[in-house]
Amino acid sequence: MIRALIDRVPDHEPVIAAGWRVARLPDRLYPGLVTGDGQATGRLYTDLTPGEWATLDAFEDPIYTLTTLEVFPGPRLALSYVWPQAHLARSWTLDDLRPVDLVSYLERCRAWRARYRQSHDNDQ
């Protein structure tokens, strides 16, 4: 997905956030990070440019909150988009995303990126 939004896959490393979990969101294909027992695994992007951060901020659902988390190995701090409703019961895994849904979602990401790029090109 990140390649569809910023035209590359930034350098990254695997991390774990204890006290968080990846939850299935209502009426959405993608998951949300919520507080909970256990741990969530993910990627820490280590070389995003300010323009790439701006693109990701514009893309993310406004209900998310950009939050500082402690991640491992480390410990160290990292930023993550967090879903505010921790009471979601179902966890989410990549297996929840059907291939046809993934293709459709990536197409929507690319279309969003094209509109975003055009609107920002017109601003300059």
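Cut-offs applied
- Per chain, residue numbering runs from 1 following the sequence as it is written.
- This being a predicted model, a pLDDT of at least 70 is required before a residue's local features are given, and a value of 80 or more before pairs of side-chain atoms are given or counted; all residues contribute to the totals for chains, interfaces and linings.
- The side-chain quantities take in all heavy atoms of the structure and omit both hydrogens and water.
- In this description a helix means any DSSP run of H or I spanning at least four residues, a strand means any run of E spanning at least two, and both kinds are numbered starting from the N terminus.
- Whether a residue is buried, partly exposed or exposed follows from its accessible area with a 1.4 Å probe, protein chains only, as a fraction of its type maximum: under 20%, in between, or over 50%, in that order.
- In this description, contact between two residues means that some pair of their heavy atoms is separated by no more than 4.5 Å.
- If DSSP finds at least two bridges between two strands, the strands pair.
- When the centres of two rings from Phe, Tyr and Trp lie within 6.5 Å, Trp using its six-membered ring, the rings pair. Their planes under 30 degrees apart give stacked, over 60 give edge-to-face, and anything left gives tilted.

Following the sequence through the fold, Ile6 ends up in helix 1 (residues 2-6). Of the residues examined, Ile6 reaches a relative accessible area of 8% and is grouped as buried. Separated by 106 residues in sequence, Ile6 and Trp112 place their C-alpha atoms 11 Å apart. What Ile6 contacts, discounting residues up to four positions off in sequence, is Leu48, Glu52, Thr55, Leu56 and Arg113.

The next thing to look at is the pairing of strand 3 (residues 65-71). The sheet contact formed by strand 3 and strand 4 (residues 76-82) spans seven bridges and is antiparallel. Note on strand 4: the bridge partner recorded for Thr68 is Leu79. Between strand 3 and strand 4, which pair antiparallel and follow one another directly, the connecting turn spans four residues.

Right, let's get into the packing of aromatic side chains. Tallied over the entire structure, the rule returns five aromatic pairs. Summarising the aromatic geometry, the rings of Tyr30 and Tyr105 are spaced 5.9 Å apart at their centres and angled 40 degrees between planes, so their arrangement reads as tilted. With Tyr30 in the loop between strand 1 (12-24) and strand 2 (31-45) and Tyr105 in helix 3 (residues 99-123), this pair connects stretches of sequence that are 75 residues apart. Tyr30 sits in the partly exposed class, given a relative accessible area of 22%. The interplanar angle of 15 degrees and the centroid separation of 4.8 Å between the aromatic rings of Trp112 and Tyr116 together place this pair among those described as stacked. Taken as a pair, Trp112 and Tyr116 lie in helix 3 at a separation of four residues, close to a single helical turn. Judged by relative accessible area, which is 18%, Trp112 ranks as buried. The exposure class assigned to Tyr116 is buried, which follows from its relative accessible area of 13%. One aromatic cluster is present, built from ring pairs that chain together Phe59, Trp112 and Tyr116.

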